[in-house]
Amino acid sequence: MPIRQLSETMINQIAAGEVVERPASVVKELVENALDAGASRIEVATAGGGLGLIRVVDDGSGMPEAELELAILRHCTSKLADDIHDIRSLGFRGEALPSIGSVSRLAIRSRTRTADSGAEISVEGGRISAVRPAPSNRGTSVEVRDLFFATPARLKFMKTERAEATAIADVLKRIAIAFPAVRFTLSGTDRSTLELAAASDDADGRLARIAQVMGSDFPDNSISVEAVREGVRLDGHVSIPSYTRANALQQYAYVNGRPVRDKLIASAIRGAYADVLPRDRHAVTVLFLTLDPAYVDVNVHPAKADVRFRDPGLVRGLIVGAVRQALAGAGIRPATTGAQAMMSAFRPGAPSYGHPGPAGGHRSFNPEFRASPSAGFGADFRAAPTAPFDAARSPYRPLDTGFAEQQQASFDTGPLHSADARAGLAEVAEALLQTELGAARAQVHENYIVAQTRDSLVIVDQHAAHERLVYEALKNALHSRPVAAQMLLMPEIVDLPEEDAERLALHSETLSRFGLGIERFGPGAVAVRETPAMLGETDVSQLVRDLADEIADSDTSDTLKERLDAIAATMACHGSVRSGRRLRPEEMNALLRQMEATPGSGTCNHGRPTYIELKLADIERLFGRR
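Residues numbered from 1 in each chain as written. Predicted model: local features only at pLDDT ≥ 70, side-chain atom pairs only at ≥ 80, totals over all residues. Heavy atoms only, no water.

1. Some details on the confidence of the model for the protein chain
Caution applies to low-pLDDT regions: their predicted coordinates should not be interpreted in detail. Averaged over every residue, the pLDDT of the protein chain is 81; residues scoring 70 or more account for 80%. Throughout residues 394–418 the model reports pLDDT below 50, and contacts reaching past four residues in sequence, or to other chains, amount to eight contacts. (pLDDT = per-residue confidence, 0-100. Contact = heavy atoms within 4.5 Å.)

Pasting the structure below:
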């Protein structure tokens, strides 16, 4: 087949394959256009999951009649000057509207602030109609019907209407977080109405919008992040370690106000939480990066979902350092969801959760106790003597005498310890009650410390808490000085691609601090002369290849550090206070004070919470006092 020039319709349909992936892509492009036009109110309506109808109405600056035809031609835009590296708007390629018009029935109606009337233009499968006058409010209304009718093969790859409607809502929420001063409304026959009221365009307004999108729990379980390094500014909110999700869908990242899904940022978030989250849990984050547009390339993906930083190491280091510093500075905070779950479990009628072993460890659930003659209801009533019933002496008589002083005195014959250990019977010092974790009151089931603060009850898992304390101490000792290395009897030669060998050589000084001594050994190879003593016998070749892959992917060598930290975590687990050990009162209080002084002690090395706090007000609600 000879080379020929493709038709304009075919060119637009090819572009639509990149830009218009699904109905949510259409909503994203149209909403970004509305925001670039300065809209303060954006209304989105859909039907059939966006395949039947998408309508986006805004109150922005609008387009004059003379520019409507240009708006649906490829590479026509008002957002880009002569410098491709100075992009300060969400859109700039000039491909969205012609691409959408080539695969659907598109109608655009617009009116500027100064015009007496509006104008309309329509496109059907790439065929453009003439511009005509039309009644219109100030702003722009874009209506897309029968998406992909011109390319029916694309319809086979669409998901259910419900799934497409959900994707549209996710896209709108992701954009809305970055623009708290704009009012967003999403409605339609395929969904319940979503309305995000406008808030102030400041930090408080942004947090209010985040709460609208992510739920009211997030602000109560998040930490503010703010840092600047070499002209790159980072701010936002991240969740405390005990507030997590099963996937990373609630990790929102923005670069100069543009929502992105960047693997560098995702990797930095994982690195920042590496020590405090289990592998199958993910932090909840909203992070905003602001930097000179010349230092970030947003023109690397047709849908502008990915970006490329000029200095990725700087950005990654900024995110990891800022988030870790915020987590360390926030002290210890339990997730409010833990207390809510505890409240639900305590409420009358709450479902019980089966678990192995005697329920609650209580003796009445022990089979031997149930078989004994003195086991009360556990005894065999058929073997009981047939003596006449005596209401005064029966253990099953109703409590009709009340708890008078005479009856109550029989219970006061001595101290009846209901816990494994009690932290003294004297009043605790007022200063201890003012601390974050309060004063230890008892130890129950030889594993849980019950403490009291001024306005709450705290339950601490002693093994998990001490495990975190030991782990942090081991890490500080490990990273405060070079890691001990063991010399190999014979250097191990690892063959690598030349570019990987060069990257490892550039990071050799960093690796040596962690006990790995490497040097170049001719073209495409490195010689390993030392390995960290903590690793013992290890697969040197695989370790070097893993490091090379990580450096190529994110320009870091954290794999070695993570392996050493994993060994420290194992040592901490075996060297901490075990479950089943009874603690003296002074030991319990010392553990609480150490937790307050140790960053990240709200979770153990495996990401489990070390303590739960139940507010006094919640306890009073359980008993109907509030």
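Once you've had a look at it, read on.
2. Things to note about unusual backbone geometry
Trans peptide bonds make up the majority, and among non-glycine residues the majority have a negative phi. A positive phi angle is found at Glu 230, which is not glycine, with a value near 50°. For Glu 230, the position within the fold is in the loop between strand E10 (222–229) and strand E11 (232–239). Among the residues examined, Glu 230 registers a relative accessible area of 67% and is labelled exposed. Backbone geometry at His 445 places phi at a positive 50°, although glycine is not the residue there. Its relative accessible area of 54% is what places His 445 among the exposed residues. (Helix = DSSP H or I, 4+ residues; strand = E, 2+ residues; numbered from the N terminus. Buried < 20%, exposed > 50% of the residue type's maximum accessible area, 1.4 Å probe, protein only.)

3. Considering the packing of helix H5 (residues 161–177) against helix H6 (residues 203–214)
Where H5 contacts H6, the axes come no closer than 9 Å and their chain directions differ by 165°. Looking at the two axes, H5 sits roughly antiparallel to H6. When the axes of H5 and H6 are compared, the crossing they make is left-handed. Facing Lys 173, Ala 176 and Ile 177 of H5, the residues of H6 in contact are Arg 206, Arg 209, Ile 210, Val 213 and Met 214. (Axes fitted to C-alpha atoms, helices over the stretch in contact; angles between N-to-C directions. Parallel < 35°, antiparallel > 145°, perpendicular 65-115°, else oblique. Left-handed = near helix turned anticlockwise from the far one by under 90°.)

4. Focus: H6
For H6, which comprises twelve residues, the first-to-last C-alpha distance of 16 Å matches the rise-based estimate of 16 Å (1.5 Å per residue) to within 8%. Turning to H6, its buried residues are Gly 205, Arg 209, Ile 210, Val 213 and Met 214. All buried residues of H6 lie within an arc of 150° about the axis, which places them on one face of the element. In this structure Asp 202 caps H6, since a side-chain oxygen of it lies 3.3 Å from the backbone nitrogen of Asp 204. (Expected span 1.5 Å × (residues − 1). Arc of directions from axis to C-beta. Polar contact = N/O pair within 3.5 Å; in protein donor to acceptor, adjacent residues only side chain to side chain.)

5. Remarks on helix H2 (residues 23–36)
In this model, H2 (14 residues) spans 20 Å end to end at C-alpha, consistent with the 20 Å of a helix rising 1.5 Å per residue. Extensive coverage of H2 is indicated by the burial of twelve of its 14 residues. Taken together, the buried positions of H2 are occupied by Pro 23, Ala 24, Ser 25, Val 26, Val 27, Lys 28, Glu 29, Leu 30, Val 31, Glu 32, Ala 34 and Leu 35. Phi for Gly 38, located one or two positions after H2, is positive at around 80°.

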